[in-house]
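Observations on the model geometry
In case you want the letters, here they are:
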Amino acid sequence: IIISLGVNDIFLCKSDREVDRLWKNDIYPYMRQMVAAFREADPQVHIAFSTITQVGSQDAFGQNYQCRQNRWRWRLNVDRYHRKLFRVVKELNVGLVPVYASIDGEHGFPTVTETVNQRSSELCQRQSNALHPSPSGYAQIGDVMYCYLRHDPIC
């Protein structure tokens, strides 16, 4: 079982304190409950948590979320989340799927063609979604999950 958590939980956090509060009150307790429930149903089950994926450009953040979130704060949130996740993976004796390393942050997200700026007729490609990959980006995520399942000695 590969479980992906955290993206929507920490997305709009504006500080480390918010990420810590969500982790302590919501994310971590549910992680423990899920692992316990799966192991109760099947003691032989192999469970892994995935890291959060790489994200698109600041242009994509602006297009999707205007001023509600930016790439820099999101990266801080993800770093904080991952540091906590890495400790819990060891504590709960579960696997870790490094999805973060699988997706091409430059070419793994949808793009749009638009003018370089309002005064120019020159066109450029810009990312249009900061969090949701393009089909090739999703395929890259699938590749790393497949490799994890295929090569993990427990599976």
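Let me begin by describing the structure that accompanies this report. In this convention, every chain numbers its residues from 1, walking through the sequence in written order. Since the coordinates come from a predicted model, pLDDT governs what is reported: local features require at least 70, and pairs of side-chain atoms require 80 or more to be given and counted, while whole-chain, interface and lining totals use all residues. No hydrogens and no water enter the side-chain calculation; it runs on all heavy atoms of the structure.

Our next topic: the environment of valine 112. Note on conventions: DSSP H or I runs of at least 4 residues are helices, E runs of at least 2 residues are strands, and numbering of each starts at the N terminus. Note on placement: valine 112 falls in strand β4 (residues 111-115). Separated by 11 residues in the primary sequence, valine 112 and alanine 101 have C-alpha atoms spaced 24 Å apart. We call two residues contacting when some pair of their heavy atoms lies within 4.5 Å. When neighbours within four sequence positions are excluded, valine 112 is seen to be in contact with Gln63, Cys124, Gln125, Arg126 and Ser128.

Moving on, we come to helix α2 (residues 16-41). A helix is expected to span 1.5 Å multiplied by its residue count minus one. Given a rise of 1.5 Å per residue, 26 residues ought to cover 38 Å, and the 35 Å separating the end C-alpha atoms of α2 matches this to within 8%. Bend at a given residue is defined as the angle between two axes, one fitted to the seven residues that end at that position and one fitted to the seven that begin there. Of all the bends in α2, the largest measures some 50° and sits at tryptophan 23. Summary of the burial criterion: residues with accessible area below 20% of their type's maximum are buried, those above 50% are exposed, and those between are partly exposed, where the area comes from a 1.4 Å probe applied to protein chains only. Turning to α2, its buried residues are Val19, Leu22, Trp23, Ile27, Tyr28, Met31 and Val35. Where α2 is buried, its residues meet α1 (7-10), β2 (48-50) and α4 (71-92).

It is worth spelling out the packing of aromatic side chains at this point. Describing an aromatic ring pair means giving the distance of the ring centres and the angle of the ring planes. Pairing of aromatic rings covers Phe, Tyr and Trp, the last through its six-membered ring, and needs centres within 6.5 Å; plane angles under 30 degrees mean stacked, over 60 mean edge-to-face, and all others mean tilted. Inspection of every chain in the model, using the stated rule, returns 3 aromatic pairs. Consider the rings of phenylalanine 11 and tryptophan 74, whose centres lie 5.4 Å apart with planes at 50°: the pair is tilted. With phenylalanine 11 in the loop between α1 and α2 and tryptophan 74 in helix α4, this residue pair connects regions lying 63 residues apart in the sequence. On the numbers, 5.4 Å between centres and 80° between planes, the contact of tryptophan 23 with tyrosine 81 is edge-to-face. Of this pair, tryptophan 23 sits in helix α2 while tyrosine 81 sits in helix α4, and the two are 58 residues apart along the sequence. For tyrosine 81, a relative accessible area of 1% corresponds to the buried category. Through a chain of ring-to-ring contacts, the aromatic side chains of Trp23, Tyr28 and Tyr81 assemble into a single cluster.

Keep in mind these numbers describe shape, not what the thing actually does.
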